Every structure is written in structure tokens, then in C-alpha cells.
Amino acid sequence: MENTAELGIKKIGDKEFSRLSAFIEEEVGIKLPPVKRTLLESRLQKRLKLLNIPTFKEYVDFVFNTPQGESEIIEMIDAITTNKTDFMREPAHFEFMLHTALPEIVKTRREIKLWSVACSTGPEPYNMAMFMEEFIEKHGHLDYSITATDISPTVLEKAKKAIYPMHEIDVVSDAFKKKYFMRGKGENSSFVRVKPFIRNRVRFREINLKKEQYGLKDHYDIVFCRNVLIYFSKENQTDVIRRLVNHMNPHSYLFLGHSESLAGMRNNLETVGSSVYLKE
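The structure displayed is predicted, hence computed values, not measured ones. Along each chain, residue indices are assigned from 1 in the same order as the chain's sequence is written. In view of the model being predicted, local features appear only for residues whose pLDDT reaches at least 70, and side-chain atom pairs are presented and counted only at 80 or more, with totals across whole chains, interfaces and linings using the full set of residues. Each side-chain value is derived from all of the structure's non-hydrogen atoms; neither hydrogens nor water enter the calculation.

Peer 1: Before we go on, may I ask you to explain the sheet that holds strand β5 (residues 191-194) in this structure?
Peer 2: In sheet architecture, strand pairing relies on hydrogen bonds along the backbone and comes in two forms, parallel and antiparallel. DSSP bridges decide pairing: two strands pair if at least two such bridges lie between them. Where helices and strands are cited, they refer to DSSP runs of H or I of at least four residues and of E of at least two residues respectively, numbered from the N terminus. Spatial ordering of the open sheet is given by β3-β5-β4, a layout of three strands whose pairing is antiparallel. Edge positions in the sheet fall to β3 (163-165) and β4 (181-183), since each of these pairs with one other strand and no more. Averaged over all pairs of adjacent strands, the angle between strand axes in this sheet comes to 35°, irrespective of strand direction. As defined by bridge partners, β3 adjoins β5 across three bridges and the pair is classed as antiparallel. Opposite Y164, over in β5, you have V192 as the bridge partner. The axes used here are C-alpha line fits, helices contributing only the stretch in contact, and every angle between their N-to-C directions lies in the interval 0 to 180 degrees.

Peer 1: Got a minute to help me understand the packing of aromatic side chains in this structure?
Peer 2: Describing an aromatic ring pair means giving the distance of the ring centres and the angle of the ring planes. Planes of paired rings set the category: under 30 degrees apart is stacked, over 60 is edge-to-face and the rest tilted, where pairs are Phe, Tyr or Trp rings (Trp by its six-membered ring) whose centres lie within 6.5 Å. Within this structure, the stated rule accounts for 15 aromatic pairs. For the pair F87 and Y164, a centre-to-centre distance of 5.0 Å together with 85° between the ring planes defines the contact as edge-to-face. Highlighted residues: F87 in the loop between α5 (69-80) and α6 (91-105) and Y164 in strand β3, separated in sequence by 77 residues. The buried label goes to any residue with under 20% of its type's maximum accessible area, the exposed label to any with over 50%, and the partly exposed label to all in between, with areas taken from a 1.4 Å probe on protein chains only. Under the relative-accessibility criterion, F87 is labelled buried at 2%. Classification of Y164 by relative accessible area gives buried; the value is 2%. Feature note: the residues F94, F96, F131, F176, Y180, F197, F224, Y253 and F255 constitute an aromatic cluster, connected by ring pairs. Sitting over a ring, as applied to charges here, requires NZ of Lys or CZ of Arg to be within 6 Å of the ring centre and within 35 degrees of the ring normal. Lying across the ring of F64, R19 places its NZ or CZ 4.0 Å from the centre.

Peer 1: What is the right way to read helix α4 (residues 56-65) from this model?
Peer 2: Residues lying three or four places apart along an α-helix face the same way, a consequence of the helix completing one turn every 3.6 residues. Listed as buried for α4 are F56, Y59, V60, F62 and V63. Angularly, the buried residues of α4 cover 160° about the axis, an arc narrow enough to put them on a single face. Among the exposed residues of α4, those oriented more than 90 degrees off its buried face are K57 and N65. Contact between two residues is taken to exist if any of their heavy atoms lie within 4.5 Å; hydrogens are not considered. Packed against the buried residues of α4 are α2 (14-28), α3 (37-51) and α5. Read the arc as the range of directions from the helix axis to the C-beta atoms.

Peer 1: Honestly, the pattern of salt bridges in this entry has me stumped. Any pointers?
Peer 2: Side chains bearing opposite charge may pair, as long as their charged atoms lie close to each other. One side-chain nitrogen of Lys or Arg within 4 Å of one carboxyl oxygen of Asp or Glu is enough to make a salt bridge. Enumeration over the complete set of coordinates arrives at 20 salt bridges. Close ionic contact of E212 with R243 constitutes a salt bridge, the shortest N to O distance being 3.2 Å. A residue pair is termed long-range when its members are at least 10 positions apart, and E212 in the loop between β6 (202-206) and β7 (220-225) and R243 in helix α11 (residues 234-246) qualify at 31 residues. Using a relative accessible area of 42% as the deciding quantity, one classes E212 as partly exposed.

Peer 1: Can you walk me through the side chain of R199 in this structure?
Peer 2: Relative to the elements of secondary structure, R199 occurs in helix α10 (residues 196-199). In this charge count, Lys and Arg are treated as positive and Asp and Glu as negative; neither His nor the chain ends contribute. No salt bridge forms around the buried R199; measuring N to O, its nearest opposite-charge neighbour E157 is 12 Å away. Each residue touching R199, except ones within four places of it in the same chain, is listed here: Y126, K160, K161, A162, M182, R193 and V194.

Peer 1: Hey, could you run me through the sheet that holds strand β2 (residues 143-150) in this one?
Peer 2: Spatially, seven strands are ordered β6-β2-β1-β7-β8-β10-β9 in an open sheet, and the strand pairing comes out mixed. Two strands bound the open sheet, and with one partner strand each, they are β6 and β9 (269-273). Sheet twist, expressed as the mean angle between neighbouring strand axes with direction ignored, is 20°. Two strands pair when backbone bridges link them, and β7 and strand β8 (residues 248-256) are joined in this way by five bridges, in the parallel orientation. Bridge assignment links I222 to a residue of β8, and that residue is Y253. The strands that α6 touches are β1 (111-116), β7, β8, β9 and β10 (276-279); relative to β8, the one it contacts most, it runs at about 170°. Across the sheet, helix α7 (residues 123-139) lies against β1, β2, β6 and β7, angled at about 170° from β2, the strand it touches most.

Pasting the structure below:
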């Protein structure tokens, strides 16, 4: 049987794991209990290899005790952040937005602001824009804008380009493919790009949800914060929800992931659907 040394896999010691996991939770809110030790190892292997650092002990020393460590912290956080996203993920939420949330919101305002809190490479905010266009098609003109945020500068750059392998939109209906995507030509024929009129509705910016201030001037009518809280401790979850609610308009909607819950948290949100909450 091959051992980890022969495979070039570096193992992280107890002290180094404790130091890194504590720092990551303090800095960005992501909780890494001991069962996540292998995950942390695997996510940081490429960083050690790229920097030609032979051990995690030396890597930790590099991160915290050298002038280059500050910039490496950004790369480290980027490496450990989970950037799982898909088009039409948890589609019931988009249907609720289309048929329930928007009809209620437009009773009192014609300018809608939406926020994709952890947008990753962009499918979620672009989906939001597509469903806004579907609503406008049936109910008449209204103005809207979408703010899409993430902690990772790497995924934000990908999101801005809005270019995806063809297979990533397999779940998208043929009608949506035709209306909202362009297929590449020649050597790019296996890729699609979101059409400009959808891309232009979304603005991207980097935000760390652990920070007390997000630097956002807007207040939002629809907020998608899905499959993010599961990585945070209960205390950090409560703090994030408080900050999100502070950036929501009255009579606005918060969407969480289906595996997430606000149970036990004190807030002024009412459950109105499966992982959907209304701010009165």
C-alpha cells in the first residue's frame, strides 16, 4: 500500500491544525472541527506545493510570521472556501420568488433590489436576473438590480466573465437556454456565456460575512443566502442573520438553503415557505 510520504501528501500536525482552524473561524466564520482536518489538508496541498514549502509547520510560520503572510492569508482562505454552486439549484425558491414574493413586493414598489449573498461563480445571481425577466414579461416593466457578493476574489472574477461549460446548464430549460445564453463558436463551442442584458443587471463585490460592516448602502427586497450558514457556528450564524436583516427593506424576503434553519434565533422574520422568511 502506498503511504502518504510516497504520494507527496503532507500531513498537518495537531498544533498547526488548531492554529489554522482557530484563525479561519475568527477571520471568516467558517468552523473547522477535527473531522474537517483531512479537508483542510487537501485544500491547502496546492498552496504548499506552489510555494515550495515542505511541511505545514513551515507553512504556518510563513503565514503568520513573514511579510508575505498577509497576502497568503487571502490565498489560503480562497483555497478552503467551498464554492459549490449550480444553475437552478433548489428551484422551488425561484418559483416562490416568481409567483409569491415578487407579486407581493410590487404592490408597494416598482424598483426591486436583490442580493445573492454567497454568489460563488455566478449561477445564482444570473438565475435571479432570469426570473426577474420572466416576471417583467408577464407583469409589465419594473426596474431591478442585483448585488452579488462572495469572499473569494477568484470566483468573483469567474462570475463576472459568466462563461460556463455547456454541461453546467443541462438542468436549464431549453426556453431559458435560448433566451439567456449564447453558445461559443469554434474552439469555444463547448462553452456558453450569459447574455449581456442579464450580465449587466448584476454587480459583483467582495464581502466577508464575518465582518460587522459590509459597506453596502442599499437595502434589499429579496436576499438569497443559501448553503452558507451550515459552515458557521451558531453564534456566527446569529450575527450574520442580524446583519442581513439590517440590510433588508420592510416586507422583504430571505431565502436560506433547505438544510438551514433559523430555529432558536431571535429575529423579526416569519416563516412563509420552505426555508423562506419574511421580514415584516
